[in-house]
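An overview of the molecular structure
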Amino acid sequence: MELAADLGETPVSLIPFATSIAVVMGMPDADPAQPRALIGGHVISSLVGFAILWLAGPSYPAAALAVGIAFFAMQATRTLHPPAGIDPLIIVLESLSPIFLLVPLAAGCVLLTAYTYVWHTLAGGSRWPRRWL
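I will try to describe carefully the structure that is included in this document. Given the structure is predicted, the values throughout are model-derived calculations rather than measurements.

Some remarks on helix H6 (residues 102-123)
Since the α-helix advances by 3.6 residues per turn, residues separated by three or four positions end up pointing in the same direction. With 22 residues, H6 extends 30 Å between its outermost C-alpha atoms, agreeing within 8% with the 32 Å of an ideal straight helix rising 1.5 Å per residue. Restricting attention to buried positions, one finds in H6 the residues Pro 104, Leu 105, Gly 108, Cys 109, Leu 112, Thr 113, Thr 116 and His 120. At the exit of H6 stands Gly 124, carrying a positive phi of roughly 70°.

Dropping the structure here:
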């Protein structure tokens, strides 16, 4: 994640995966822990964040609106991943560059998905994911 932060010129403290890790590792059978929700939730929430940033600029009301719309969009697309709700907040308040969507966000989602798959496969505790889509 630190390498992804450096490549995307994003401070490590703004990479939104701490709670995502807790969800996919600690609750692997839950719907929000499945790859569709993990990846889709972060991508959709981030796209909402960039749209609101572009339309309204950086402000606390715009950030709050972006979070609300992001949760609606995740529900509508069946990609609800609650930890992804922080993405639009960070994007709007920090005026992040769209490169954030690729690095660290997309790269982080793919790495976390791969790590989680390997971890649960080797640990043998549960089959992860229950479904890919």
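On we go.
Points about the pattern of salt bridges
For the coordinates displayed, the defined rule picks out two salt bridges. Residues Asp 31 and Arg 130 are paired through a salt bridge, measuring 2.4 Å at the closest nitrogen-oxygen approach. Within this pair, whereas Asp 31 is found in the loop between helix H2 (18-26) and helix H3 (35-56), its partner Arg 130 is found in the segment after H6, the two being separated by 99 residues in sequence. Look at Asp 31 and you get partly exposed, because its relative accessible area is 44%. A salt bridge links Asp 31 to Arg 131, with the nearest nitrogen and oxygen atoms 3.0 Å apart. Of this pair, Asp 31 sits in the loop between H2 and H3 while Arg 131 is found in the segment after H6, placing the two residues 100 residues apart along the sequence. Residues joined by salt bridges that share partners form a network here, namely Asp 31, Arg 130 and Arg 131.

Parameters at a glance
- Residues numbered from 1 in each chain as written.
- Predicted model: local features only at pLDDT ≥ 70, side-chain atom pairs only at ≥ 80, totals over all residues.
- Heavy atoms only, no water.
- Helix = DSSP H or I, 4+ residues; strand = E, 2+ residues; numbered from the N terminus.
- Expected span 1.5 Å × (residues − 1).
- Buried < 20%, exposed > 50% of the residue type's maximum accessible area, 1.4 Å probe, protein only.
- Salt bridge = Lys/Arg side-chain N within 4 Å of Asp/Glu carboxyl O.

Any functional reading would require information that these geometric values do not contain.
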